[in-house]
Amino acid sequence: MARILLKDLVKQFGRVTAVSGVNLEIHDGEFLIMVGPSGCGKTTTLNMISGLETPTSGEVVIGDQVVNEIEPGERGLGMVFQDLALFPHMTVFENIAFGLRVKSVADEEVRRRVLQAANAMHIAPLLDKRPAQCSGGEAQRVALARTIITNPAVFLMDEPLSSLDAKLRLDMRTELKHLHERLKATFVYVTHDQAEAMTMADRIVVMRGGFIQQVGGPLDIYRRPANQFVAGFFGTPTMNFLQGKVETDGGRLRFRAKSIDFLLPAGAGPGSGREITLGVRAEHVLVGKGAQPGRVTLTEPLGDETLVFFDYGGDAPLVAKVSPELHLSSGEAVTFGLDEAGYHLFDGATGERLN
Ligand SMILES: Nc1ncnc2c1ncn2[C@@H]1O[C@H](COP(=O)(O)OP(=O)(O)O)[C@@H](O)[C@H]1O
Ligand SMILES: [Mg+2]
């Protein structure tokens, strides 16, 4: 059983609180991704699971056992780090074999299992090379094979793809997801890259400043971010935010911001007089539908769709996703509306979700 429980987990480094009371259950066999900006406590949390860091307070439970006092090597975990930590003087074969060599596994079995792990990661032709003779992507696969061979119930991975170039990173995402489906092990994966989290995770844990902000499936988090921070962190381009105030208007609620105002859906949440931030993603800004005037400042063709930035008289331009068939150029006048199904309402002061 590879369920992991984190109970009131705290880690302080002197006066810095890196992790501030994290409570989390990681299910057996899931692909869980912890994501958040640099310095938010991801690595420290992962290191407390692995045993590389000792919690200041709280518990780490693996299976049914509190492991706080258990050595990293005794926890049944496999680790893959950003810097890979391959042994430069050993061949790829011996790097992969390392975890079995230290357990004095017989040569014949080592050979069989190295080949199996190397085949799984498509690096069998590299076995006689040294790490320095491998490309970045190949070295990454060697590091994964070296972990796979020890057959851990839990894989802990800390930004394992961050040293790869963009194309390779995309390929490796798909491959890691396949690997997870095949091994059915628990994956706990740390990244600062929201797209990586969205594409691979069964569940995402969003962290900020040592605190968990939200836990949920990728689409739950995209569609119902718990606060403005999460809303802005996920999705490209970044969600549009408009600051304004809620007013009553003939029994309905109206949102009024600089140069723009519109009715809120019935039962929207915030009461009259409240300062709020309205968030709306680019796909919910409807260019050509609606009566609000705007002027295009920039277009970014992405191939299958185009991003259009336009001024409407507010504090910042809005960005919309439009069809590439809609040929718009800078300076052109447009009209737009907002799809109210895509409204995210946040408290103007705290950023907490209101609808
Ligand atoms: N060994 C350490 N000594 C002092 N401060 C540390 C140490 N490790 C991490 N920190 C601090 O703890 C916070 C969280 O760090 P970390 O867990 O590495 O963040 P992340 O992996 O999300 O980028 C940061 O403010 C970092 O500077
Ligand atoms: Mg880190």
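Residues numbered from 1 in each chain as written. Chains lettered and ligands numbered in written order. Predicted model: local features only at pLDDT ≥ 70, side-chain atom pairs only at ≥ 80, totals over all residues. Heavy atoms only, no water.

S.K.: Honestly, the site of ligand 1 in this entry has me stumped. Any pointers?
M.R.: By nearness alone, every residue bordering ligand 1 is listed as Phe13, Val16, Ala18, Pro37, Ser38, Gly39, Cys40, Gly41, Lys42, Thr43 and Thr44. In this structure, Lys42 approaches ligand 1 through a side-chain N or O atom, which is 2.9 Å from an oxygen atom. Taken by itself ligand 1 offers 560 Å² of open surface, and the protein chains cover 59% of this. Per-element accounting of the shell around ligand 1 gives the leading share, three residues, to helix H1 (residues 42–50). (Near = heavy atom within 4 Å. Polar contact = N/O pair within 3.5 Å; in protein donor to acceptor, adjacent residues only side chain to side chain. Areas by Shrake-Rupley, 256 points an atom, 1.4 Å probe, with all protein chains shown as cover. Helix = DSSP H or I, 4+ residues; strand = E, 2+ residues; numbered from the N terminus.)

S.K.: I would appreciate a short explanation of the side chain of Asn47 in the present structure.
M.R.: With respect to the helices, strands and loops of the structure, Asn47 is situated in helix H1. Judged by relative accessible area, Asn47 falls into the buried class, the value being 13%. Excluding anything up to four places from it in sequence, Asn47 contacts Leu52 and Glu53. (Buried < 20%, exposed > 50% of the residue type's maximum accessible area, 1.4 Å probe, protein only. Contact = heavy atoms within 4.5 Å.)

S.K.: Sorry, what's going on with the packing of helix H4 (residues 136–148) against helix H5 (residues 166–183) here?
M.R.: The relative placement of two packed helices is expressed as an angle between their axes plus a distance between the axes. Between H4 and H5, the least distance of the axes is 12 Å, while the angle of their chain directions is 15 degrees. If you check the angle between H4 and H5, you find them roughly parallel. H5 is crossed by H4, and the crossing has right-handed handedness. Together, Gly137, Gln140, Arg141, Leu144 and Ile148 of H4 and Leu168, Met172, Glu175, Leu176, Leu179 and Leu183 of H5 make up the contact between the two elements. (Axes fitted to C-alpha atoms, helices over the stretch in contact; angles between N-to-C directions. Parallel < 35°, antiparallel > 145°, perpendicular 65-115°, else oblique. Left-handed = near helix turned anticlockwise from the far one by under 90°.)

S.K.: Would you take a moment to explain the layout of surface pockets for this structure?
M.R.: Over the atoms rolls a probe the size of a water molecule, and in doing so it shows where empty space is left. Considering only enclosed or pocket space, the largest pocket measures out at about 580 Å³ in volume. Forming the boundary of the largest pocket are 20 residues, of which Leu77, Gly78, Met79, Gly99 and Thr150 lie nearest the centre. Of all the secondary-structure elements, those providing two or more residues to the lining of the largest pocket are strand E6 (77–80), helix H2 (92–101) and H4. Of the residues forming the lining of the largest pocket, the biggest block, four residues, is contributed by E6. A per-class count over the lining of the largest pocket returns 11 nonpolar, seven polar and two charged. Quantified by volume, the second largest pocket comes out at close to 270 Å³. Considering the residues around the second largest pocket, the lining is formed by 14 residues, among which Gln116, Ile148, Ile149, Asn151 and Leu183 are closest to the centre. Elements with a contribution of two residues or more to the lining of the second largest pocket: helix H3 (107–120) and H5. Sort the elements by how many residues they give to the lining of the second largest pocket and H3 lands first, with four residues. Its residues placed into classes, the lining of the second largest pocket shows 10 nonpolar, two polar and two charged. (1 Å grid on protein atoms, 1.4 Å probe; cavity = no way out; pocket = protein on both sides within 12 Å on 5 of 7 lines; lining within 4 Å. Points joined across faces, edges and corners; volume = space filled by probe spheres on them. Nonpolar A, V, L, I, M, F, W, Y, C, P; charged D, E, K, R; others polar.)

S.K.: Explanation requested: the domain arrangement of the protein chain in the structure shown.
M.R.: Interfaces are often sized by the accessible area lost when the parts come together. Split into domains, the protein chain comes out as domain 1 (4–233) and domain 2 (240–347). Distance between the C-alpha centres of domain 1 and domain 2: 39 Å. At the junction of the two partners, domain 1 supplies seven residues and domain 2 supplies six residues. Both faces combined, the contact of domain 1 with domain 2 buries some 650 Å², and carbon together with sulfur accounts for 53% of it. (Domains from an automatic or database assignment. Buried area = accessible area lost by both parts, 1.4 Å probe.)

S.K.: Would you explain the pattern of salt bridges in this entry?
M.R.: It is possible for side chains bearing opposite charge to pair when their charged atoms get close. Evaluation of the coordinates by the stated rule reveals 18 salt bridges. Across the salt bridge formed by Glu175 and Arg141, the nearest N and O atoms sit 2.5 Å from each other. In this pair, Glu175 is assigned in helix H5 and Arg141 in helix H4, connecting sequence segments 34 residues apart. A residue is classified by how much of its surface remains accessible, and Glu175, at 19% relative accessible area, is buried. Bridged by salt links that share partners, the residues Glu247, Asp249, Arg254, Arg256 and Asp261 form one connected network. (Salt bridge = Lys/Arg side-chain N within 4 Å of Asp/Glu carboxyl O.)

S.K.: Mind showing me how you'd approach the environment of Glu71 here?
M.R.: With respect to the helices, strands and loops of the structure, Glu71 is situated in the loop between strand E5 (65–66) and E6. Judged by its relative accessible area of 54%, Glu71 is exposed. Each C-alpha atom, one on Glu71 and one on Arg252, is 61 Å from the other, the two residues being 181 residues apart in sequence.

S.K.: Which parts of the structure should I look at to understand the environment of Gly235?
M.R.: In this structure, Gly235 sits in the loop between helix H8 (228–233) and strand E11 (240–249). Put simply, Gly235 and Met198 are 37 residues apart on the chain and 9.0 Å apart in space, counted from C-alpha to C-alpha.

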